Each structure stands twice: as C-alpha cells, then as structure tokens.
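So you can see what is in the structure, the chains are spelled out below.
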Amino acid sequence: MAQETDVVVIGMGVGGEHVAERLAEEGLDVVGVEAELVGGECPYWACIPSKMMIRGGNLLAEARRIPGLAGQAQITADFAPVASRIRDEATDDWNDQVAVDRFTGKGGHFVRGHARLAGAGRVEIDGRQFTGRRGVVLATGSRPQIPPVPGLDPVPYWTNRDATAAKENPHSLMVLGGGAVGVELAQAFARFGTAVTLVEAAERLLPAEEPETGGLLAEVLAAEGITVRTGAQATHARHDGDTFTLTLDGGEKLTAQRLLVATGRRANLAGLGLETVGLDPDARALDVDEQLRAGPGLWGVGDVTGRGAFTHIAMYQAEIAVRAVLGTPGPGADYRALPRVTFTDPEVGSVGLSEAQARERGLRVRTGTAQVPSSARGWIHKVGNEGLIKLVEDADRGVLVGATSVGPMGGEVLYGLVVAVHAEVPVDRLRHMMYAYPTFHRAVEEALTALRSS
Ligand SMILES: Cc1cc2nc3c(=O)[nH]c(=O)nc-3n(C[C@H](O)[C@H](O)[C@H](O)COP(=O)(O)OP(=O)(O)OC[C@H]3O[C@@H](n4cnc5c(N)ncnc54)[C@H](O)[C@@H]3O)c2cc1C
Ligand SMILES: NC(=O)c1ccc[n+]([C@@H]2O[C@H](COP(=O)([O-])OP(=O)(O)OC[C@H]3O[C@@H](n4cnc5c(N)ncnc54)[C@H](O)[C@@H]3O)[C@@H](O)[C@H]2O)c1
C-alpha cells in the first residue's frame, strides 16, 4: 500500500534539499529521497572542495609573487592541509548526517534510496510506494558525460569526484576538457606542483565564454607551466598500470600519472520512469516552464532542467518551485542575467549574452572593452593583474545585455554588471555614476567610455 504525503522530492542535492526543507518549514508533509548524500554534488565533490583547493593554490601563487613587491618568500607547497580541510570541514568525511538531521528537524521524512516515478504523483523507492497529494519534484542533478574516446571506457580515469577526494596531488595530470571544471582543477593542482596538461577539443578554453577570455586564460596557464592543447581531439586512451597515455589527432602522445575527464555533464534522467508520466525518457534535460512545471503535479529544479549547471540556478529555481507548489503567485524564472564565475586566477565572470550570442539574436550590438592591467588598480597590483572588462550593449535599447569581467576578483566585480543587465539600467545612467578610485571595478567605467566611442 502506498504511503500518502503532500510532496515527494526526488534527489536531495542543493536544489532538492532547498525545496524539501522550505516546503517542510511551510508545514507540508514532505518525503525527501536521496540515493547518495543529502547536499548532492556541490558540497561533497564539486563547488566547495574545488574552491578549497583553489584557495590553497591561490595562496601559493600570491606568495610566489612576493619577490619584487614585498621581499622574499620560501614556499613549500603541501596538499595535505587542503585534503584535510575537504575531509574534516567540507564533507565530514563524506557523511551527510548533519544535513539529514537538518531536514528531519524541520519535520521532513527522509528516505535513502533510488526513486523512480510510477505514474502521476506516484513514486517507487526500492519496492516502497509513495503518493504525493500535491505532486513530485524532480531534482536528480547531473553526472559526468564521458566522451566516446576509444580505449577510455576501461581505464581508471578520474572524474571530479576522484579529483576532489584526492589525498595527495599527483606528480602529473592530464585534464581532458577545458571548461569550468578542467581549467579550475588544472590550475589548482599545478600550483601544488603537479605537472598538468590540459586538452580541449574546441579552439579555445572556456569556449562558451567571450573569445578574448579563453585566449587570455590559456596565456596565464601556460605562463604557470601548464601545457595547453586547444583544438585537440583525443583519439585513443590507454593505461598500463602506472601511466595514462592519450593520443591526440595530430599523432602527439601525452602521458601522465592521472587522467581527469572533465568534458561536461548530462542530466540524471535515465531510469527515472519519465515514460510513466508521458515524458520522453531519453530527453537530454527535463523541459520545465517558467514556474518549473514539467507536467501536472510535476516540477523540476537544478541541473536536471538543462538551464545551466550552477548551484545558484538550482537554488533560484528551487525558491520558484516552492512558491509554485504552494500556489503562491510570484515571478517566473528569468535567465537573462544568469551570472557565471569560473574561479581560476584571474577569475572569469560573465553575465547574460556574449557578443556572438547577441548578434545571433539579431540585436544591433555595440561593445566596449577595457584592459585591467592598464587601469590604475591593475597597474598598482602588478604581477597577477591579467584581466579585461567587456560590455555588450543592445544599441537600440541602450542597455547592457551581457558583460564579462576577468581579473583579480573578477567574480566580485561582476556583481554590478549583473545588476545592470538584470535591471536594464540605461548605459547613459551607468556612465554618469561614480566608480570608487582605485578599485578594479573602475575598469567598467573605462569600458563604458569605449562603448560610447565605438
Ligand atoms: C567540480 C565542480 C565544481 C563546481 N563548482 C561550482 C561552483 O563553484 N559554483 C556553482 O554555482 N556551481 C558549481 N558546480 C555545479 C554544481 O555542483 C551543480 O550545479 C549543483 O550541484 C546542482 O545541484 P542539483 O541539486 O541540481 O544536483 P546535484 O547536486 O547533482 O544533486 C542531485 C542529487 O540527486 C540524487 N539522485 C539522482 N537520481 C536519484 C534518484 N533516482 N533517486 C534518489 N536520488 C537521486 C543524487 O544522488 C544527488 O545527490 C560545480 C560542479 C562541478 C562538477
Ligand atoms: N565555478 C563554477 O561555477 C563551476 C565550476 C565547475 C563546474 N561548473 C559547472 O559544471 C558544468 C560542467 O563542467 P565541465 O567543465 O565538465 O563542462 P563544460 O561543458 O563547462 O566544459 C566541458 C569542456 O570539455 C570540452 N570537451 C568536450 N568533449 C571533449 C573531448 N572529447 N576532448 C576534449 N575536450 C572536450 C568542451 O569543448 C568543453 O570546453 C559547467 O558547465 C558548469 O556549469 C561550474
């Protein structure tokens, strides 16, 4: 016999956990189901541990910049404190009891197991049946997408999970994929002394971002000693027990102690029983409307919706889904001002449309660019000052539709630009405000001047 509840939330990553906790706080009877760890990818194998590695790596890089600016420094890199922080502070040794208790403490009913839909409002978890009177929320996240490189399948390659759980940094590492995961982890490991080779199939790193960005980042990574291969296809992978070998399409053979595959992610929809509610079980993402509805009494949040794999999207969508489940009116999801920050050094922040995307949409586009090293703060900062600001204006409306902020604290500088894109602040108003001297964000003013003279 099926157990009745108000809502069943399948997948308790950042998105599902937020929905489940908020609905429980609102007094609903909520069953939250998680196959692995409550909290999902972000706290255990993604955002948080990777940013702890990056924090350590950035400290080392800053210390190496002391000569010529502030004396001398003797630096001995040690990955052990990073690995300990990840174990002790971030993941509790990959134990989610605190998160489970937080949910049940709010009145939620937690079930550990693998759930699948079994018809409208019906969920099956390892033989047990549940019915959601109001419905079901799908928040099953994503998993690494492994490319069909011959020989890759059987070799013991790393994904983000192995990389973030590593107790030691490897002597050498090949990273397949120069997207967000690839560039962040390549730089972090390299700063601890790992010899890193980064292989990206597209012509530049971070190919989804403005072209100026990938070029700049490739130069910075190369200057740090990372071997960067762009426009390179791996045609074969091998492991002989000690060493991985990747053969590239030009015939070049690369070798390393470890191989990290970071070539994108795909939504966890397989085996979820979507066909039992009339949805395509082979879809690449769960199609949701602006109220996050995937069908009657069915909502979706997070990576599974294919709107961008970011924790802040999952949480933003979760809040909208909570309102939708409760029947509380509110604005729908709006992705115009979606911010992205890749936490390399320099940080790569972007919001809204790239120049190419704006042109593809038929907008009359004007752009303005400023270089961070030639700004007052960039010049003062000296070593480690690489960066740029690029603005994309819809010239007919006189508002920014996209912006990029690369530089030290590029992700923080981005904030003002996100507000400008989100609130459609007229460019003329942005030009006639004050920008504190000498901040990094003053380069925005210079880019606005360049925009007007373009
Ligand atoms: C290395 C790395 C670094 C990242 N860094 C950042 C960052 O700095 N900032 C940022 O915004 N984003 C970052 N991300 C992306 C971020 O981790 C994801 O966007 C976020 O975790 C998505 O949350 P989610 O709730 O949609 O899914 P997930 O976190 O994937 O959670 C989904 C949960 O559902 C469970 N599940 C799946 N199927 C079932 C089932 N059938 N039954 C029960 N449970 C199920 C899974 O076990 C999982 O716990 C990073 C990703 C990676 C890989
Ligand atoms: N700071 C952050 O917010 C952050 C950090 C890490 C990850 N993430 C999220 O996680 C998602 C997944 O990250 P990701 O880096 O795995 O994916 P991604 O889609 O961002 O990048 C994958 C890269 O791999 C390349 N690629 C694909 N197949 C390849 C092949 N066979 N050989 C070589 N290169 C190949 C692609 O061209 C692309 O550049 C990101 O898109 C992002 O949404 C966010």
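Residues numbered from 1 in each chain as written. Chains lettered and ligands numbered in written order. Predicted model: local features only at pLDDT ≥ 70, side-chain atom pairs only at ≥ 80, totals over all residues.

**Some words on the packing of helix H3 (residues 47-64) against helix H4 (residues 80-90)**
Stage number 1. Where H3 meets H4, the closest approach of the two axes is 9 Å, and the angle between their N-to-C directions is 145 degrees. Every pair of crossing elements has a handedness; the one defined by H3 and H4 is right-handed. Here H3 contributes Ile48, Pro49, Met52, Met53 and Gly56 to the contact with H4, which in turn contributes Pro81, Val82, Arg85, Ile86 and Ala90.
Stage number 2. Residue composition of the contact of H3 with H4, grouped by class: eight nonpolar, one polar and one charged. (Axes fitted to C-alpha atoms, helices over the stretch in contact; angles between N-to-C directions. Helix = DSSP H or I, 4+ residues; strand = E, 2+ residues; numbered from the N terminus. Left-handed = near helix turned anticlockwise from the far one by under 90°. Contact = placed C-beta atoms within 7 Å. Nonpolar A, V, L, I, M, F, W, Y, C, P; charged D, E, K, R; others polar.)

**Here's the deal with the site of ligand 1**
Stage number 1. Neighbouring residues of ligand 1: 37 residues in total, closest Gly11, Gly13, Gly40, Gly141 and Gly302.
Stage number 2. For the shell around ligand 1, the secondary-structure elements that each account for two or more residues are helix H1 (14-25), strand S2 (30-34), helix H2 (41-45), H3 and helix H9 (311-326).
Stage number 3. A per-class count over the shell around ligand 1 returns 17 nonpolar, 15 polar and five charged. (Near = placed C-beta within 6 Å.)

**Quick notes on the UniProt feature "domain: FAD/NAD(P)-binding" (unreviewed entry) in the protein**
Stage number 1. Under the local residue numbering, the UniProt record ascribes the feature "domain: FAD/NAD(P)-binding" (unreviewed entry) to residues 6-318.
Stage number 2. Measuring from the first to the last C-alpha atom of residues 6-318 gives 17 Å, for a span that is 30% helix and 25% strand. (UniProt positions renumbered as here; feature names shortened; annotations may be inferred.)

**Some remarks on the sheet that holds strand S10 (residues 227-230)**
Backbone-to-backbone hydrogen bonds join strands into a sheet, with any given pair of strands oriented parallel or antiparallel.
Stage number 1. Across the sheet, which stays open at both edges, the four strands sit in the order S10-S9-S8-S14 with parallel pairing between neighbours. Edge positions in the sheet fall to S10 and strand S14 (258-261), since each has one partner strand and no second. Sheet twist, expressed as the mean angle between neighbouring strand axes with direction ignored, is 15 degrees.
Stage number 2. Examined bridge by bridge, strand S8 (residues 172-176) and strand S9 (residues 195-200) share five bridges and lie parallel to one another. If you follow Met174 over to S9, its bridge partner there is Thr197. (Pairing = 2+ DSSP bridges.)

**Examining the confidence of the model for the protein**
Stage number 1. Residue-level pLDDT values for the protein average 98, and 100% of them are 70 or greater.
Stage number 2. Mean pLDDT across the elements of the protein ranges from a minimum in helix H14 (residues 442-452), with 96, to a maximum in helix H7 (residues 180-191), with 99.
Stage number 3. Both confidence scores are given for the complex: pTM 0.98, ipTM 0.99. (pLDDT = per-residue confidence, 0-100.)

**Quick look at the sheet that holds strand S13 (residues 253-256)**
Stage number 1. Spatially, three strands are ordered S11-S12-S13 in an open sheet, and the strand pairing comes out antiparallel. Only two strands of the sheet have a single neighbouring strand rather than two, namely strand S11 (234-239) and S13. Strand-to-strand, the axes of this sheet are offset by a mean angle of 20 degrees, without reference to chain direction.
Stage number 2. Of the pairings in the sheet, the one linking strand S12 (residues 244-248) to S13 comprises four bridges and is antiparallel in character. Looking at the pairing, Thr247 lines up with Lys253 of S13.

**Quick notes on the site of ligand 2**
Stage number 1. Neighbouring ligand 2 are 26 residues; Pro147, Gly177, Gly179, Val181 and Ala309 lie closest to it.
Stage number 2. Looking at the shell around ligand 2, the elements that each hand over two or more residues are H7, S9 and strand S18 (339-342).
Stage number 3. In terms of residues, the shell around ligand 2 owes the most to one element, H7, which gives four residues.
Stage number 4. Each residue belonging to the shell around ligand 2 can be placed in one class, and the counts come to 15 nonpolar, eight polar and three charged.

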